[in-house]
Amino acid sequence: MVRATKDAVHHPLFARFYARLSVSAEPKVGPLRDELLAGLSGRVIEIGAGNGMNFSHFPRTVSEVVAIEPERSLRQLALESALRAEVPVDVVPGAAEALPVKSEAFDAAVLSLVLCSVRDVRRSLSEVRRVLRPGGELRFFEHGRGGGRAMRTAQRALDRTVWPLLFGGCHVARDPVGEIRAAGFDIETVKELVTPTKGPRLPSSYYVTGRARRPELGDLRG
Ligand SMILES: C[S@@+](CC[C@H](N)C(=O)[O-])C[C@H]1O[C@@H](n2cnc3c(N)ncnc32)[C@H](O)[C@@H]1O
């Protein structure tokens, strides 16, 4: 008998919510996705690709995208987005903590609004490092801790209570840049963004986007 395997991530309500939210946010977020992916080339892995909102933003210099997505309904939507993409995109089930691909197989990796949601940030980043070739590039667009002391306290309290339950395992008090550096990447650029720019800030208002690199072989930090 063949048993149905359990998905690594199962958040059907959040998946439906995110599929709508991400499409309606595209006029604002689209330019950030363009900036995130500009200039990439060769083989690229995107981890936690969701419904595939990045796919139409990959430049044609990319020869292939392997898009890992653990949530079944988002993965189905990603498959549809892949058909419309201008570069070949292979949508694959899997989780960041155990990427189902060979070591050193990719020129670049993309993390876009996903480190907030993975179960184990360190293991996930160690996997990203494993699958990137030495000298390979990591592009990231993430949200995390920010604001003053009161906001950071609130973020930590939310992470321990309702936020992950309401938003598909998302956390708001993580430190993506610190974690990427701690995983052995060289940080090359970081840009901080706060959205909305006016009015009250939300716990999820603090974004970072940038580039990091797996050190070349022979670099003792690697
Ligand atoms: C906020 S969505 C972002 C989707 C997409 N990257 C984007 O930029 O629109 C977070 C994504 O992370 C995925 N995710 C959650 N846990 C994960 C894990 N352990 N490994 C890989 N992806 C995961 C979710 O299924 C979801 O697709």
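Residues numbered from 1 in each chain as written. Predicted model: local features only at pLDDT ≥ 70, side-chain atom pairs only at ≥ 80, totals over all residues. Heavy atoms only, no water.

### Describing the layout of surface pockets
Step number 1: Each pocket or cavity is described by its volume, and for the second largest pocket that value is around 260 Å³.
Step number 2: Broken down by element, the lining of the second largest pocket gets its largest block of residues, four residues, from strand β6 (residues 186-194).
Step number 3: Its residues assigned to classes, the lining of the second largest pocket shows eight nonpolar, four polar and six charged. (1 Å grid on protein atoms, 1.4 Å probe; cavity = no way out; pocket = protein on both sides within 12 Å on 5 of 7 lines; lining within 4 Å. Points joined across faces, edges and corners; volume = space filled by probe spheres on them. Helix = DSSP H or I, 4+ residues; strand = E, 2+ residues; numbered from the N terminus. Nonpolar A, V, L, I, M, F, W, Y, C, P; charged D, E, K, R; others polar.)

### A short note on helix α2 (residues 26-37)
One turn of an α-helix holds 3.6 residues; hence residues three or four places apart share an orientation.
Step number 1: All of the buried residues along α2 are Val 29, Gly 30, Arg 33, Leu 36 and Leu 37. The arc that holds every buried residue of α2, seen down its axis, measures 120°, which confines them to one face. Counted as exposed and oriented over 90 degrees from the buried face of α2: Pro 27 and Lys 28.
Step number 2: Taken together, the buried residues of α2 touch α1 (12-24), β4 (106-112), β5 (132-143) and β7 (206-213).
Step number 3: Once α2 finishes, Gly 39 follows within two positions and takes phi at roughly 80°, a positive value. (Buried < 20%, exposed > 50% of the residue type's maximum accessible area, 1.4 Å probe, protein only. Arc of directions from axis to C-beta. Contact = heavy atoms within 4.5 Å.)

### Concerning empty space enclosed by the protein
Step number 1: Scanning the entire structure with this criterion turns up one cavity of 30 Å³ or more.
Step number 2: Approximately 40 Å³ is the volume found for the largest cavity.
Step number 3: Every residue lining the largest cavity is listed: Leu 115, Cys 116, Val 121, His 143, Arg 174, Asp 175, Pro 176 and Glu 179.
Step number 4: Split by residue class, the lining of the largest cavity holds four nonpolar, one polar and three charged.

### Describing unusual backbone geometry
Step number 1: Residue Thr 195 is joined to Pro 196 through a cis peptide bond whose omega torsion reads 5°.
Step number 2: One non-glycine residue, Glu 104, lies in positive phi territory at about 55°.
Step number 3: Structurally, Glu 104 is set in the loop between β3 (89-92) and β4.
Step number 4: You can call Glu 104 partly exposed: its relative accessible area is 40%.

### Observations concerning the pairing of β4
Step number 1: Taken across its seven residues, β4 has six buried, putting it largely inside the fold.
Step number 2: Both strand β1 (residues 42-47) and β4 contribute to a ladder of four bridges, which runs parallel. Within β4, the residue paired with Glu 46 across the bridge is Val 110.
Step number 3: Where β4 and β5 come together, six bridges link them in parallel fashion. Counterpart to Phe 106 in the pairing with β5 is Leu 132.
Step number 4: In this region the chain leaves β4, passes through helix α4 (residues 121-131) and returns to the parallel neighbour β5; the handedness of that crossover is right-handed. (Pairing = 2+ DSSP bridges. Right-handed = clockwise from strand over helix to strand, strands pointing away.)

### What about the packing of aromatic side chains?
Step number 1: Under the definition given, this model contains five aromatic pairs.
Step number 2: Relative to Tyr 207, the ring of Phe 141 has its centre 5.7 Å away and its plane inclined at 25°; by these criteria the two rings are stacked. In this pair, Phe 141 is assigned in strand β5 and Tyr 207 in strand β7, connecting sequence segments 66 residues apart. For the pair formed by Phe 141 and Tyr 207, the shared burial category is buried.
Step number 3: With 4.6 Å between their ring centres and 40° between their planes, Trp 163 and Phe 167 make a pair best called tilted.
Step number 4: Accessibility expressed as a relative area gives 25% for Phe 167, which makes it partly exposed.
Step number 5: Here a set of aromatic residues connected by ring pairs shows up, and it is made of Phe 14, Phe 17, Tyr 18, Trp 163 and Phe 167. (Phe/Tyr/Trp six-rings, centres within 6.5 Å; stacked < 30°, edge-to-face > 60°.)

### Topic: the pattern of salt bridges
Step number 1: For the structure shown, the criterion picks out eleven salt bridges.
Step number 2: For the salt bridge of Glu 86 with Arg 60, the shortest nitrogen-to-oxygen distance reads 3.1 Å. With Glu 86 in the loop between α3 (72-84) and β3 and Arg 60 in the loop between β1 and β2 (62-68), this pair connects stretches of sequence that are 26 residues apart. The pair Glu 86 / Arg 60 is uniform in exposure class, with both members exposed.
Step number 3: With a shortest N-O distance of 3.4 Å, Arg 122 and Glu 179 are connected by a salt bridge. With Arg 122 in helix α4 and Glu 179 in helix α7 (residues 176-182), this residue pair connects regions lying 57 residues apart in the sequence. (Salt bridge = Lys/Arg side-chain N within 4 Å of Asp/Glu carboxyl O.)

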